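# Residue-level structural notes
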Amino acid sequence: MDLIARIANHFRDAVALFEHCQDTMSAPTAAAVDALVFCLSNNGKILACGNGGSAADAQHFAAELVGRFERERLPLAAIALNTDTSILTAVGNDFGYDRVFSQQVNALGQPGDVLVAISTSGNSANVIEAIEAAHSRELRVIALTGKGGGRIGQMLTEDDVHLCVPHDRTLRIQEVHILLLHALCDGIDAQLLGDL
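One structure accompanies this document, and this report is about it. (Residues numbered from 1 in each chain as written. Predicted model: local features only at pLDDT ≥ 70, side-chain atom pairs only at ≥ 80, totals over all residues. Heavy atoms only, no water.)

## Digging into the packing of helix 2 (residues 26-41) against helix 8 (residues 170-193)
Put simply, the rule is: For helices, the fitted line uses only the C-alpha atoms of the stretch in contact; every axis is such a line through C-alpha atoms, and the angle between N-to-C directions lies from 0 to 180 degrees. Numbering goes from the N terminus for both helices and strands, where a helix is a DSSP run of H or I of at least four residues and a strand is a run of E of at least two. Each angle is binned into one of four classes, with values under 35 degrees roughly parallel, values over 145 roughly antiparallel, values of 65 to 115 roughly perpendicular, and all other values oblique. In this scheme the handedness of a crossing depends on how the near helix is turned from the far one: anticlockwise by less than a right angle means left-handed, clockwise means right-handed. Contacts between residues were defined by any pair of non-hydrogen atoms, one from each residue, lying within 4.5 Å. Note on residue classes: Ala, Val, Leu, Ile, Met, Phe, Trp, Tyr, Cys and Pro are nonpolar, Asp, Glu, Lys and Arg are charged, and everything else, Gly too, is polar.
Following both chains from N to C, one finds helix 2 and helix 8 inclined at 55 degrees, their axes separated by 9 Å at the closest point. Our classification of the angle between helix 2 and helix 8 gives oblique. Here helix 2 runs over helix 8; the crossing is right-handed. Along its contact with helix 2, which presents Thr29, Ala32, Val33, Asp34, Leu36, Val37, Leu40 and Ser41, the element helix 8 presents Leu180, Ala183, Leu184, Gly187, Ile188, Gln191 and Leu192. Classifying every residue of the contact of helix 2 with helix 8 by side-chain character gives 10 nonpolar, 4 polar and 1 charged.

Written out as structure tokens, the structure reads:
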């Protein structure tokens, strides 16, 4: 095995996917920025959720909004639903793991808020239930998926935004997801603070 060639191939694959996504995902990402800015400008909040690497992405996204991205600004209302271990373990124990996010959406979500739902497969049961809860409470959904979008892609409404990475490998999907989340943060700041 040529380890250097294997690693170089990762870079080539990632670059090719990023270039493809540049052409196919810029417009829906801009629509997602508009939805988030509208939410925040009207005293709404952003709820984010995911599992595993997607949980880390949800937490990272919320931290960029509550703290700062690249510029100083007022904190923006965002909560990662996968960070409170007491809620996660209590709900998981009492109701089942599929409800760990939907229970929080039902408790915290208000009409006009936005749920950022992250699932590389598009089939995460607890993210699906969170989306169902979001729809029932009149939240818009921005879904970050891959692998064709899975069940999540089929359940989104025309008011939602689907950012589906056109790839089947989880690691490539996650690499694009973090770029998309950074693009959302940058777009929010540009809309709220003006271009640099």
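## Things to note about the sheet that holds strand 3 (residues 114-118)
This is how the line gets drawn: Here, a strand pair is defined by DSSP locating no fewer than two bridges between the strands.
Across the sheet, 5 strands lie side by side as 2-1-3-4-5; this open sheet has parallel pairing. Every other strand in the sheet has two partners, leaving strand 2 (78-80) and strand 5 (161-165) as the edge strands with one partner each. Each strand axis lies, on average, 15 degrees off the axis of its neighbour in the sheet, ignoring direction. This element, helix 3 (residues 53-66), spans strand 1 (46-49), strand 2 and strand 3 of the sheet and lies at about 155 degrees to strand 2.

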